[in-house]
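For reference, the chains in residue letters:
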Amino acid sequence: MSSTMLESSPSPLSDRSAVVVGATAEVVAAHAEQITARFYPRMFAEHPELLRVFNQGNQATGEQSRALAASVVAYAVQLIDPAAPSFAHVMTRIAYKHMSLGIRPEQYTIVGHHLLAAVGEVLGDAITPEIADAWNEVYWLFATQLIAEEARMYQLANVDPTRPVRPYRVIRRIEETQDVISLILEPADDGELPKISPGQYVSVFVDLPDGQRQPRQYTVSSTGLGNRLQITVRRVRGVGGAPDGRVSTHLHDRIAVGDVLEVSAPAGDFVLQPTDGPLLLASAGAGITTVLPIVEHIARTQPDRTVIVAHADRTAQDHALRDTVLHVGRQLDDFTAYTWYETVDPDDHRSTAGLMDLTEIPLPADLQVFTCGPLPFMRHIRSTPLVRGVPANRIRYEVFGPDLWAAEVSQEGAGNTKT
Ligand SMILES: Cc1cc2nc3c(=O)[nH]c(=O)nc-3n(C[C@H](O)[C@H](O)[C@H](O)COP(=O)(O)OP(=O)(O)OC[C@H]3O[C@@H](n4cnc5c(N)ncnc54)[C@H](O)[C@@H]3O)c2cc1C
Ligand code: HEM
């Protein structure tokens, strides 16, 4: 890196550390997953109470390790490279996730201690005190920005981070499909429902039969129910010897009307901006949960706005919330729905067999795209509007797990990037 870049950089990183980080970023990036793979076990060994706040499914698959590693490296790179894409969207996503889980400032000391110790373990003698100091500075810059953003979010949501959840009673349970249920929840503490922007999620904490406590995120799939909210949960089945999903299975098999769930304040920035213009909502599988609240919101507030919904699923019988979305869509002046199924019923002449293909549908000018589904689906879907001239900053996405895509798409100035 040139010294001119450093001089002109408004980076909060000290010049001395910037030089060291510039010289070592590549080697840290190359070992980042090894580092985070060591970090979590050593942190959980010393702080077993944190097992109740971290998603153990994401630990088992390694996804959280990869997301943490990618975020720290991307953060360091944008500190030392003024030309690096904006990091704001990654910061906001992490802060919202933390907020929904009740992460507190003092826990950053624990994470920082174990993360830097794991760097030392993996890189060994290569870590001089100077290098350790420089990465310590990077960590605390990242941490202080997150702590500040989270403090702002807690304040806006009127949430005490030591008590991040409220009790909600299950008022109704709807069997949507063979594998999908909706739960309609009402605050059980006599309080009001918080303000929820369509597209936001809540973290739901459950006490599992083996005594473990685990949180998972669920999109608020309907916000048009007065003092109630709805979540819609797809049962996750283990594939190739992997275990069935713990929390989704628990909610399906054990939760009934009258039960109480612990639910966080709404979080997430996969929400509509206050603009007009046509909207394409492209979803697959459980991603449909983001579509219904957005269509409901547009029906309430902008019924003359053009909305196209495109959904892919295994079969029509697996397509949850389909009738509800179509019903609400009929309240719009200009609403079109497309469906793709892996297997199409013989008497269904409206759906297309196979994977979603947006080259087949007319895309109006000034389109905004919101997409939600598994990562391979979103990679595939995003490429067509891009080729057809939709700017990257008008395409937003939501990942139903740790966001392993953020650093990659931000290179192209994705819609999730706020510049
Ligand atoms: C912002 C956001 C919004 C979301 N919204 C929704 C929504 O509206 N509806 C919805 O249904 N879901 C939603 N999700 C997903 C949801 O949070 C859960 O991830 C999902 O329900 C699975 O949780 P689980 O506990 O059932 O599975 P987990 O137990 O977490 O398992 C997840 C996967 O890991 C595999 N796995 C677990 N342990 C191992 C192991 N030891 N070895 C190998 N593989 C393993 C499992 O087989 C499974 O495939 C959302 C997620 C996010 C982040
Ligand atoms: C600078 C410090 C930190 C960084 C860079 C960081 C980064 C991240 C990232 C990238 C994610 C995934 C977000 C997503 O895409 O969903 C995440 C989630 C999470 N973080 Fe942090 N984090 C930090 C500090 C902390 C602290 C102090 C705690 C508290 C112990 C914590 C607890 C969690 C938990 C519980 C999750 C959700 C994990 C999951 O769902 O698998 N983090 N963090």
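Look a little higher up for the structure.
About the cut-offs
Residues numbered from 1 in each chain as written. Chains lettered and ligands numbered in written order. Predicted model: local features only at pLDDT ≥ 70, side-chain atom pairs only at ≥ 80, totals over all residues. Heavy atoms only, no water. Donors = N, O, S within 2.8 Å, 3.2 Å for Na, K, Ca; no water. Helix = DSSP H or I, 4+ residues; strand = E, 2+ residues; numbered from the N terminus. Salt bridge = Lys/Arg side-chain N within 4 Å of Asp/Glu carboxyl O. Buried < 20%, exposed > 50% of the residue type's maximum accessible area, 1.4 Å probe, protein only. Pairing = 2+ DSSP bridges. Axes fitted to C-alpha atoms, helices over the stretch in contact; angles between N-to-C directions. Contact = heavy atoms within 4.5 Å.

> What should I look at first to understand the coordination of the iron atom of ligand 2 in this one?
Each donor-metal-donor angle in an ideal tetrahedron of four donors is 109.5 degrees, and each such angle in an ideal octahedron of six donors is either 90 or 180 degrees. Of all protein atoms, just one serves as a donor to the iron atom of ligand 2, and that atom is His 98 (NE2), at 2.1 Å. Checked against the element boundaries, His 98 lands in helix α5 (residues 88-101).

> What am I meant to see in the pattern of salt bridges here?
Any two side chains of opposite charge can pair, on the condition that their charged atoms come close. With the rule as written, the count across this model stands at 17 salt bridges. Its salt-bridge partner being Glu 106, residue Arg 104 comes within 2.8 Å of it at the nearest N-O pair. Between Asp 313 and Arg 234 there is a salt bridge, and its shortest N-O distance comes to 3.5 Å. Residue Asp 313 is found in strand β8 (residues 307-313), and its partner Arg 234 is found in strand β5 (residues 228-234); the two are separated by 79 residues along the sequence. The exposure class of Asp 313 is buried, given its relative accessible area of 7%. Several salt bridges share partner residues, and in doing so they unite Asp 179, Arg 237, Arg 314 and Asp 318 into one network.

> Help me understand the environment of Asp 190, please; the structure alone is not making it clear to me.
Here Asp 190 is to be found in the loop between β2 (180-187) and β3 (201-207). What makes Asp 190 exposed here is its relative accessible area of 78%. Sequence separation between Asp 190 and Tyr 168 is 22 residues; the distance between their C-alpha atoms is 9.8 Å.

> Mind showing me how you'd approach the sheet that holds strand β6 (residues 260-264) here?
Strand pairing in a sheet relies on backbone hydrogen bonds, with the paired strands running either antiparallel or parallel. One closed barrel accounts for six strands, arranged β1-β2-β5-β4-β3-β6; its pairing is antiparallel. Ignoring strand direction, the axes of neighbouring strands in this sheet form an average angle of 45°. Across seven bridges, the pairing between β3 and strand β4 (residues 213-225) is antiparallel. Its bridge partner lying in β4, Val 202 is registered against Tyr 218. Its contacts with the sheet put helix α8 (residues 246-254) on β1 (165-175), β2, β3, β4, β5 and β6, and the angle it makes with β4 is roughly 60°. Contacting β4 and β5, helix α9 (residues 288-301) crosses the sheet at an angle of about 30° to β4.

So far we have only geometry, and geometry alone does not tell us how the molecule works.
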